[in-house]
Amino acid sequence: MKVEKITLADLPDVYSTAEMKMNGETCLLAAPESHGGAWLFSSSEPENGHEIVENLGGCMSLVPLSGEEGEFVAIEGFYPVFQAEEAGVVYVSSNGGNCYQGWEKKRVLDLAFVHRIEVIESSGQLYFVISALAEAKKSPGDWSKPGATYAGKVPDDRSGNWDMTEILSGIYKNHGMHVTELENEKVVLISGQEGIFELIPPAEGGSNWETKKLAEREVSDVFVHDVDGDGKKEILTIEPFHGDELGFYENENGNWTRSATYPIKFGHVVWAGELLGRPRIIAGSREGDSDLVVLKWDSTEKALVQDFIIDKEVGPTQITVLNQNGSSLVFSANNGTGSVDLYRLYE
Ligand SMILES: [Ca+2]
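So, here is what we can say about the structure in this document. This structure is a prediction, so every number in the text was calculated from the model and none was measured.

**Considering the overall build of the protein chain**
Across its full length, the protein chain holds zero helices and 28 strands. Taking 2.2 N^0.38 as the reference for a compact globule, 347 residues should give roughly 20 Å; the C-alpha atoms of the protein chain span a radius of gyration of 19 Å, in line with that estimate. Over its C-alpha atoms, taken along the principal directions, the protein chain stretches across nearly 55 × 45 × 40 Å. A fraction of 44% describes how many contacts in the protein chain between residues 6 or more apart in sequence connect residues 24 or more apart.

**Structural notes on unusual backbone geometry**
Glycine aside, residues mostly have negative phi angles, and peptide bonds mostly take the trans form. Cis rather than trans, the peptide bond between proline 80 and valine 81 has omega equal to -10°. Counting through the fold element by element, valine 81 comes out in the loop between strand 7 (71–76) and strand 8 (88–93). Phi at phenylalanine 82 takes a positive value of approximately 60°, unusual for a residue other than glycine. Among the residues examined, phenylalanine 82 registers 17 C-beta atoms within 10 Å and is labelled partly exposed. Despite not being glycine, serine 123 shows a phi value in the positive range, around 50°. Within the secondary structure, serine 123 is located in the loop between strand 10 (114–122) and strand 11 (125–132).

**What to know about the nonpolar core**
With 105 residues, the main nonpolar core has Leu29, Phe72, Val73, Ala74 and Val129 as its most contacted residues. Once residues within four sequence positions are removed from consideration, phenylalanine 72 is found in contact with Ala18, Met20, Leu29, Leu62, Val63, Pro64, Leu65 and Val92.

**A few points about the pairing of strand 28 (residues 339–346)**
Examined bridge by bridge, strand 1 (residues 2–10) and strand 28 share eight bridges and lie antiparallel to one another. Bridging across to strand 28, valine 3 finds its partner in leucine 345. Bridging between strand 27 (residues 327–334) and strand 28 involves seven bridges; their strand directions are antiparallel. Bridging from a neighbouring strand, valine 330 pairs with tyrosine 343 of strand 28. Hairpin connection, strand 27 to strand 28: the antiparallel pair is bridged by four residues, and glycine 338 has positive phi, about 60°.

**Details of the sheet that holds strand 15 (residues 185–192)**
Ordered in space as 14-15-16-17, the four strands form an open sheet in which the pairing is antiparallel. Edge strands, defined here as strands with exactly one partner in the open sheet, are strand 14 (176–182) and strand 17 (210–215). Here the strands of the sheet are splayed against their neighbours by 30° on average, with no regard to which way each runs. Bridge count between strand 16 (residues 195–200) and strand 17: five bridges; the pairing is antiparallel. Bridging from a neighbouring strand, phenylalanine 197 pairs with lysine 213 of strand 17.

**Thoughts on the environment of glutamate 33**
Along the chain, glutamate 33 turns up in the loop between strand 3 (25–32) and strand 4 (38–42). Since 21 C-beta atoms lie within 10 Å of it, glutamate 33 is described here as buried. The spatial distance from the C-alpha of glutamate 33 to the C-alpha of valine 14 is 6.1 Å, given a sequence separation of 19 residues. Not counting chain neighbours up to four residues away, the residues in contact with glutamate 33 comprise Asp13, Tyr15, Gly58, Cys59, Tyr79 and Pro80.

**Let's talk about the sheet that holds strand 24 (residues 292–298)**
Pairing is antiparallel across the open sheet formed by four strands, whose spatial order is 22-23-24-25. In this open sheet, the two edge strands, each paired with only one partner strand, are strand 22 (267–275) and strand 25 (303–311). The sheet shows a mean angle of 30° between the axes of neighbouring strands, taken without regard to direction.

**Overview of the environment of lysine 186**
Structurally, the position occupied by lysine 186 is in strand 15. For the pair lysine 186 and glutamate 204, spaced 18 residues apart in sequence, the C-alpha to C-alpha distance is 13 Å. With residues near it in sequence (within four places) discarded, lysine 186 still touches Ile120, Ser122, Val179, Glu181 and Pro201.

**Overview of the pairing of strand 20 (residues 245–252)**
Bridge count between strand 19 (residues 234–239) and strand 20: five bridges; the pairing is antiparallel. Paired with leucine 236 across the bridge in strand 20 is phenylalanine 248. Connecting strand 19 to the next strand, strand 20, in antiparallel fashion are five residues, including histidine 242 with a positive phi near 50°. Two elements, strand 20 and strand 21 (residues 255–263), share eight bridges in a ladder whose sense is antiparallel. Bridged to tyrosine 249 within strand 21 is arginine 258. Between strand 20 and strand 21, which pair antiparallel and follow one another directly, the connecting turn spans two residues, one of which, asparagine 253, has a positive phi of 55°.

**What to know about the environment of isoleucine 238**
By the element assignment, isoleucine 238 lies in strand 19. Judged by C-beta crowding, with 28 C-beta atoms within 10 Å, isoleucine 238 ranks as buried. Distance in space between the C-alpha atoms of isoleucine 238 and serine 220 is 5.3 Å, their sequence separation being 18 residues. With residues up to four places along the chain from it excluded, the contact list for isoleucine 238 reads Ser220, Asp221, Gly243, Leu246, Ile264, Gly267 and Val270.

Scoring rules and cut-offs
Residues numbered from 1 in each chain as written. Predicted model: local features only at pLDDT ≥ 70, side-chain atom pairs only at ≥ 80, totals over all residues. Helix = DSSP H or I, 4+ residues; strand = E, 2+ residues; numbered from the N terminus. Rg over C-alpha atoms; globule rule 2.2 N^0.38 Å. Contact = placed C-beta atoms within 7 Å. Buried ≥ 20, exposed ≤ 12 C-beta atoms within 10 Å, placed from the backbone. Core = buried A, V, L, I, M, F, W, Y, C linked by C-beta atoms within 7 Å. Pairing = 2+ DSSP bridges. Axes fitted to C-alpha atoms, helices over the stretch in contact; angles between N-to-C directions.

So this is what it looks like as structure tokens:
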């Protein structure tokens, strides 16, 4: 594969990315971990991005509200290094305006050290799920208090109350969150020091989230895809917390087993999906080569191997991948270079 790189914006400390539909078009969002604003880029004219929300810093996560246009939720107030006593969740809406104007931000939840948010639809109900990395911290190295995960219904009237209840507690370094489908059910995966957990949303009319533990090892981040093409999904991980290994877990008879690893350095990006129609993994490191690298599964060697390097010395923190018009686009928050970059992959 060949790679074309376009720097879309210089955004110091850029950290989070997402994709979102806006006026029928796919758009991309980026926001910083320090004080700053959120930017929006249309996929048809990505070079003409604009800041759409002036004050959306300490932004660890950006997530569109499923199926809707022009609205998203985000974490704000989680500043480096672990200054997050005042962190919370905001709801951001375009108010039906054009791509770049009229955006309004509203704080909907306060939760110290809230770090991840996802949105999942189940039985026609939209739920938000949030995790606090820890309950509290006296210093960056203080991990004495575990974090918890909470969920609630996204109110139909977004200006209403966003109520939440605790659904998983006692997870130290509660860091990873990923919405996926396992055994034909939409689920949320959570990862931390105690391992990987699967959270299944309530049945129709119910309120209880079912919890299953999938793996015991300390895991920083998770992503799910069938990367060896055998029709069964695998779990890809970064481990341990911000760690130096990418893990490959296979499911055999209902049990998840780590059967391969690949070396990374201060791992921060793990993504798996289709690139130009082929199953691939993208891993990003914030130390060492600080690279963004594409891996593939070698079924002969039964190992993860490097396919090609997208970029080096960029220190990516999050990516969003789009497949459109015969290209694969990798939109990257390159924290190390303070830039929002778009990579177009092609044959
Ligand atoms: Ca597979």
